[in-house]
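A look at the structure
Okay, here's what each chain looks like letter by letter:
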Amino acid sequence: MGALTDRAAGLLAAHRWAAGPTLVSTVASGTAAATTLVIARGVGAAAFGHFTVVLSIALIVTVGMLTSLNYVMFQELPRAEPGARPALVTTALLATLVLGTAVFAAGLAAAPLLTAALGVDTRTLVFALALALSMTLNQLTESFLRGLKRFRLVAGLKLAVAVVYLGAAACCLLVFGVRDAEPYLVALIGTNLVFALVSVAGFEVVPRSWSWALARSLYRHGAYVTAIAALTAVVFGVDVIFLNHWAPRADVGVYSVYNGFPKRLLGVVFTDGVGLVLLPTLATSDKPAVMRRIARLAPVVFAATAVFSFAASTVFFLLMGGEYPYSLGLMALSALGIGAHTVFNLQQVALTMDGVRGAKVLIGCLLAGTPLALACQAALIAWQGLAGGLVAFALSNLVLVAVVTAVSARLYRPAGALEVRG
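Residues numbered from 1 in each chain as written. Predicted model: local features only at pLDDT ≥ 70, side-chain atom pairs only at ≥ 80, totals over all residues. Heavy atoms only, no water.

As annotated in an unreviewed UniProt entry, the protein carries the name Membrane protein involved in the export of O-antigen and teichoic acid and comes from Microbispora rosea. Check the Subcellular location (unreviewed entry) section of the UniProt entry for the protein; it says "Cell membrane". (UniProt positions renumbered as here; feature names shortened; annotations may be inferred.)

If you want it as structure tokens, here you go:
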């Protein structure tokens, strides 16, 4: 444990230059999360339920449009020769534009089937597809800037866009009194596209450098991560669709505050906070030792995150108003789910940073645990609605944590024992 602490301290010292961009990026992500709360309070639970349904569908569709090319760029751009980087950026960007447009068109063509399956109308589906395409371009162009180490630029852009979105939301609420979800969705789509367009200043696009062979290589690289992203998007996104089908739309909005906002807050901490040091540490650490350490620390991580989530969410609910009723029981269920979700996120990051081997193990665990998790969600939400959704979220995470713990204990054995090989 002391060696790992020393290594983390060394990484902090070596990456001290990143403190400023990391802080700015964290503030930007926090501002975006706070804007969601402003919208939730201002439009009311029913309209925010509509906002949440669109966002949940968009998050799932984004997996198919993006196909983890942002993750590939994080790895390929830093180690590529400077002369090869424009080809990487151009190929990834054009391929994503073509695929994203194709998925958007396919979604429109399949609207009668999709709307029936998802329990939404065509207008909601169109908003979800448009939001997914804007999020895809936002995440891909951000990965270009990060891969090229333009950390200050990407942090500044994220903060500027977050402030603009917050300002637009506040203006709609306070000046125009808008209580419908769609203008806020339009603003979110617009700020995503503005980020993508302005970020072009930070990288070079050379259309003639497009390469079909390179595109195949990039998609092959991202295939395993895409499978992981697709499975996690389903297991942690379908609950909102189930709730939208079996419960009033206002309950979807309340559920998003109880469950969705703590998850976003957790994402801010992981993505823009500890991720800077955690990911490099995991990439160079002995994976069997890491998995055993996570298993030992899981109860502490679970308890600490649950307590923090309970306390922080209580404060947020005091600001939300009467349409979002505060319940100690529901808050406790939410906190338990967030605690279990944090443990699963740690396991997921550790396995993903083990390359193909870890990705294969995680995919197997998700394939084994997802059917049971989805069955729990469908049964409990149909039975108990909002409360059932919170219980189902906690159980889904506990199922996945149990599967990953059991499999990693068998396959990631101590040094000298037989280990799984990719």
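Still more to cover.
A word on the confidence of the model for the protein
Per-residue pLDDT for the protein averages 86, and the proportion of residues at 70 or more is 88%. When mean pLDDT is taken per element in the protein, helix α5 (residues 85-109) scores highest with 97 and helix α1 (residues 2-14) scores lowest with 52. (pLDDT = per-residue confidence, 0-100. Helix = DSSP H or I, 4+ residues; strand = E, 2+ residues; numbered from the N terminus.)

What about the side chain of Thr141?
Residue position: Thr141 is located in helix α7 (residues 122-147). For Thr141, a relative accessible area of 3% translates into the label buried. Excluding residues within four positions of it along the chain, Thr141 makes contact with Phe195, Ala196, Ser199 and Phe203. (Buried < 20%, exposed > 50% of the residue type's maximum accessible area, 1.4 Å probe, protein only. Contact = heavy atoms within 4.5 Å.)

Overview of helix α3 (residues 45-66)
Helix length check: α3, at 22 residues, gives a terminal C-alpha distance of 31 Å against a target of 32 Å (1.5 Å per residue), a fit within 8%. Helix geometry: α3 is bent most strongly at Ile60, by close to 25°. The buried count for α3 comes to 18 of 22 residues, which makes it a mostly enclosed element. Of the residues flanking the end of α3, it is Thr67, one or two places downstream, whose phi is positive at about 50°. (Expected span 1.5 Å × (residues − 1). Bend = angle between axes of the 7 residues up to and from the residue.)

Topic: the nonpolar core
Residues Phe51, Leu131, Tyr184 and Tyr324 are the most contacted members of the largest nonpolar core, which totals 82 residues. When residues of this core are assigned to their parent elements, the largest contribution, 14 residues, is made by helix α15 (residues 355-411). Here this core spans two domains, and each of domain 1 (14-210) and domain 2 (229-414) adds at least three residues to it. Other than its neighbours up to four places away in sequence, Leu131 contacts Val54, Leu55, Ala58, Leu185, Leu188, Ile189 and Asn192. Counting residues in each nonpolar core, the second largest holds 20 residues, with Leu93, Leu148, Leu157 and Phe195 among its members. (Core = buried A, V, L, I, M, F, W, Y, C linked by side-chain atoms within 4.5 Å. Domains from an automatic or database assignment.)

Description of the packing of α7 against helix α8 (residues 151-174)
Contact pair α7 / α8: the axes reach a minimum separation of 7 Å and the direction vectors enclose 145°. Every pair of crossing elements has a handedness; the one defined by α7 and α8 is left-handed. Residues Glu142, Leu145 and Arg146 of α7 touch α8, and the partners they reach there are Phe151, Leu153, Val154, Leu157 and Lys158. (Axes fitted to C-alpha atoms, helices over the stretch in contact; angles between N-to-C directions. Left-handed = near helix turned anticlockwise from the far one by under 90°.)

So, the packing of aromatic side chains
Inspection of the entire model under this criterion finds six aromatic pairs. Relative to Trp212, the ring of Trp210 lies with its centre 6.5 Å away and its plane at 50°, an arrangement referred to as tilted. With a relative accessible area of 33%, Trp210 lands in the partly exposed category. Using a relative accessible area of 57% as the deciding quantity, one classes Trp212 as exposed. (Phe/Tyr/Trp six-rings, centres within 6.5 Å; stacked < 30°, edge-to-face > 60°.)

Quick notes on a nonpolar patch on the surface
Together, Leu174, Val175 and Phe176 line one region of the surface with nonpolar side chains, adding up to about 390 Å² of accessible area. Assignment of secondary structure puts Phe176 in the loop between α8 and α9 (182-199). (Patch = residues over 30% accessible without salt bridge, like charges linked within 9 Å, V, L, I, M, F, W, Y side chains within 5 Å. Areas by Shrake-Rupley, 256 points an atom, 1.4 Å probe, with all protein chains shown as cover. Salt bridge = Lys/Arg side-chain N within 4 Å of Asp/Glu carboxyl O.)

Considerations on the environment of Leu362
Within the element layout of this structure, Leu362 appears in helix α15. Judged by its relative accessible area of 0%, Leu362 is buried. In this view, Leu362 contacts Ile228, Phe344, Gln348, Leu351, Thr352 and Val404; residues no more than four positions away in its chain are not counted.

Considerations on the packing of α3 against α5
Between α3 and α5, whose axes approach to 8 Å, the crossing angle comes to 135°. Between α3 and α5, the crossing angle belongs to the class labelled oblique. The crossing of α3 and α5 is right-handed. Counted together, Val61, Gly64 and Met65 of α3 and Thr96, Leu99, Gly100, Val103 and Phe104 of α5 form the full contact between these two elements. Here the contact of α3 with α5 is built from residues that sort into five nonpolar, three polar and no charged. (Parallel < 35°, antiparallel > 145°, perpendicular 65-115°, else oblique. Nonpolar A, V, L, I, M, F, W, Y, C, P; charged D, E, K, R; others polar.)

With respect to the pattern of salt bridges
Going through the model one piece at a time under the given rule, you end up with three salt bridges. The partner of Glu182 in a salt bridge is Arg123, with the nearest N and O atoms 2.7 Å apart. Here Glu182 is found in helix α9, whereas its partner Arg123 is found in helix α7, with 59 residues between them in sequence. Its salt-bridge partner being Glu142, residue Lys158 comes within 3.7 Å of it at the nearest N-O pair. Highlighted residues: Lys158 in helix α8 and Glu142 in helix α7, separated in sequence by 16 residues. The structure contains a network of salt bridges with shared partners spanning Glu142, Arg146 and Lys158.

Structural notes on the environment of Thr305
Tracing the backbone shows Thr305 in helix α13 (residues 287-320). Sequence separation between Thr305 and Val343 is 38 residues, and the spatial gap between their C-alpha atoms is 9.1 Å. What Thr305 contacts, discounting residues up to four positions off in sequence, is Ile338, Gly339 and Thr342. At 2.7 Å, the side chain of Thr305 and the backbone oxygen of Val301 are in polar contact. (Polar contact = N/O pair within 3.5 Å; in protein donor to acceptor, adjacent residues only side chain to side chain.)

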